[in-house]
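One letter stands for each residue in the lines below.
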Amino acid sequence: MSSTPRKRPASDALVAGAVVAILVALVVAVFLTGAGNSLYPPAAATTQGRDIRGLYDIVFALAIGIFLLVEGLIVWSVIRYRRRPGDIELPAQTHGNNVAEIVWTVVPTAIVLFLFVISWQSLSRVDAISAKPDIRIHAIAGQFQWQFEYLDANGTKVATQLAPAYDTNTGAGGMAVPVGRSVQVTLDSPDVIHAFYVPRFLFKRDVVPGQTNRFEFTVEPSEAGQVFRGQCAELCGIGHRAMLLSVIALTPADYDAWLQGLIEKSNATPEPLPSGTVLNVTAEGVKFDTAALEVPAPPGITHDVDIRDGGGAVLAAKDTIDGGTSTNYSYEPMQAGTYTFFCSIHSNMTGTLTVK
Ligand SMILES: [Cu+2]
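So, a few notes on the structure that sits alongside this text. (Residues numbered from 1 in each chain as written. Predicted model: local features only at pLDDT ≥ 70, side-chain atom pairs only at ≥ 80, totals over all residues.)

## Comments concerning the overall build of the chain
- Looking only at helices and strands, the chain features four helices and 19 strands.
- When each of the 356 residues of the chain is scored for burial, the buried share is 21%.
- Intrachain contacts of the chain at a sequence separation of at least 6 include 65% that bridge at least 24 residues. (Helix = DSSP H or I, 4+ residues; strand = E, 2+ residues; numbered from the N terminus. Buried ≥ 20, exposed ≤ 12 C-beta atoms within 10 Å, placed from the backbone. Contact = placed C-beta atoms within 7 Å.)

## Side note on unusual backbone geometry
- Cis peptide bonds are those with omega within 30 degrees of zero, and the linkage from Gln-143 to Phe-144 qualifies with 0 degrees.
- Relative to the elements of secondary structure, Phe-144 occurs in the loop between β1 (135-142) and β2 (145-151).
- Backbone geometry places Leu-202, a non-glycine residue, at a positive phi of 50 degrees.
- On the basis of neighbour count, Leu-202 is assigned to the buried category, with 21 C-beta atoms found within 10 Å.

## Some thoughts on the sheet that holds strand β7 (residues 203-207)
- Across the sheet, which stays open at both edges, the five strands sit in the order β4-β10-β9-β6-β7 with mixed pairing between neighbours. In this open sheet, the two edge strands, each paired with only one partner strand, are β4 (175-178) and β7. In this sheet, neighbouring strand axes are inclined to one another by 25 degrees on average, regardless of whether the strands run parallel or antiparallel.
- With five bridges connecting them, strand β9 (residues 227-232) and strand β10 (residues 244-250) associate as antiparallel partners. Directly across from Gly-230, in β10, lies its bridge partner Leu-245.
- Most of the contacts of helix α4 (residues 252-268) go to β4, to which it runs at about 140 degrees, and overall it touches β4 and β10. (Pairing = 2+ DSSP bridges. Axes fitted to C-alpha atoms, helices over the stretch in contact; angles between N-to-C directions.)

## Remarks on the pairing of β9
- Here strand β6 (residues 194-198) runs beside β9; their pairing, made up of two bridges, is antiparallel. Across the sheet, Phe-196 pairs through a bridge with Cys-232, a residue of β9.

## Comments concerning the environment of Leu-244
- One can find Leu-244 in strand β10.
- Each C-alpha atom, one on Leu-244 and one on Gly-230, is 5.9 Å from the other, the two residues being 14 residues apart in sequence.
- The residues touching Leu-244, leaving out its near neighbours within four places in the chain, are Pro-164, Ala-165 and Gln-231.

## Some thoughts on the nonpolar core
- Counting residues in each nonpolar core, the largest one holds 38 residues, and the members touching the most others are Ala-139, Ala-141, Met-175, Val-177, Phe-201 and Val-247.
- Secondary-structure elements contributing two or more residues to this core are β1, β2, β4, β5 (182-188), β6, β8 (213-218), β9 and β10.
- Core analysis: the next-biggest nonpolar cluster, separate from the first, contains six residues, Val-305, Ile-307, Phe-341 and Phe-342 among them. (Core = buried A, V, L, I, M, F, W, Y, C linked by C-beta atoms within 7 Å.)

## What to know about the sheet that holds β2
- Read across the open sheet, the five strands follow the order β3-β2-β1-β5-β8; overall the sheet is mixed. Two strands bound the open sheet, and with one partner strand each, they are β3 (157-161) and β8. Pairs of neighbouring strands in the sheet enclose a mean axial angle of 25 degrees, with direction left out of account.

## Focus: the packing of helix α2 (residues 47-80) against helix α3 (residues 98-126)
- For the pair α2 and α3, interaxial distance at closest approach is 9 Å and the crossing angle is 170 degrees. Put simply, α2 runs roughly antiparallel to α3. Between α2 and α3, the contacting residues are Gln-48, Asp-51, Ile-52, Leu-55, Ile-58, Val-59 and Leu-62 on the first element and Ile-111, Leu-115, Ile-118, Ser-119, Ser-122, Arg-125 and Val-126 on the second.
- The residue makeup of the contact of α2 with α3, split by class, is nine nonpolar, three polar and two charged. (Parallel < 35°, antiparallel > 145°, perpendicular 65-115°, else oblique. Nonpolar A, V, L, I, M, F, W, Y, C, P; charged D, E, K, R; others polar.)

## What about the environment of Leu-202?
- Note on placement: Leu-202 falls in the loop between β6 and β7.
- Distance from Leu-202 to Ala-43, taken between C-alpha atoms, is 8.6 Å for residues 159 residues apart in sequence.

Take a look at the structure:
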């Protein structure tokens, strides 16, 4: 079978070139531009994040190269071999080409092996945990708030940060860390699965009840003074969207002063979350002896007061209110017995409610 040679207008190459140029422009427009709005990952703020970003750059460059090669060849073939007036025969058909088959087997295999090796290497560097990190933080993710406990070298708690997100107005809140120092975070959850996620770290780790997950990071010294926004990244219930956190990068000297301030604040006030409070409500006939229960709550943090029975079943789930404000909750009449009232945001805020 043979085909007659045809004229190949120069415009074929021009059209193919234009299509490839449009594809390249699209890739650049969507991924590589648009400060902050780009689909491309942001610049990493941590040493580990830079490792991940380096890996991403390599994978992305390879993917773009393959995309342009494959799409370019498709576009070129479509234009070059399109049907023209007078074409009645198939062009010469190629069956079995050892060189082509070896190339398209060996090249992708080599690429996949290369990606496997560099991913493995990055993973082991990013997951590395040192025996003696510079800073230890125990992060507790409970429905629906983060809490950061600062630990000393022995793992003993020295201060607790209850306001997990940085407040731009007051400058309070957030998890402060010193730049250039290794920070080891242990993650625990008293209730459901949450996830620690800070986009500028290019890192996410699940917080699983009954299992302590651990990771380590070092913020790059050039990031001192930056505040990185983070969020729970695992749908954990109705208050999930409110589980925000911030990581504040400070110079080591500023960090020491910040931690000292937090320690003094922790020591100055009694344990800020009331626990074990006992409220007695007596029902006489059809009346309770107490019309109002006052539960102290630290300001600036969201709370509610829910009630569960001795078996753990939740009898009343109330809407949350902002700390420092007050509200009245009404509850359905309860059988005599002992109940637990609790804040659904803070698992350690509980008390006993006795109905006689
Ligand atoms: Cu969540």
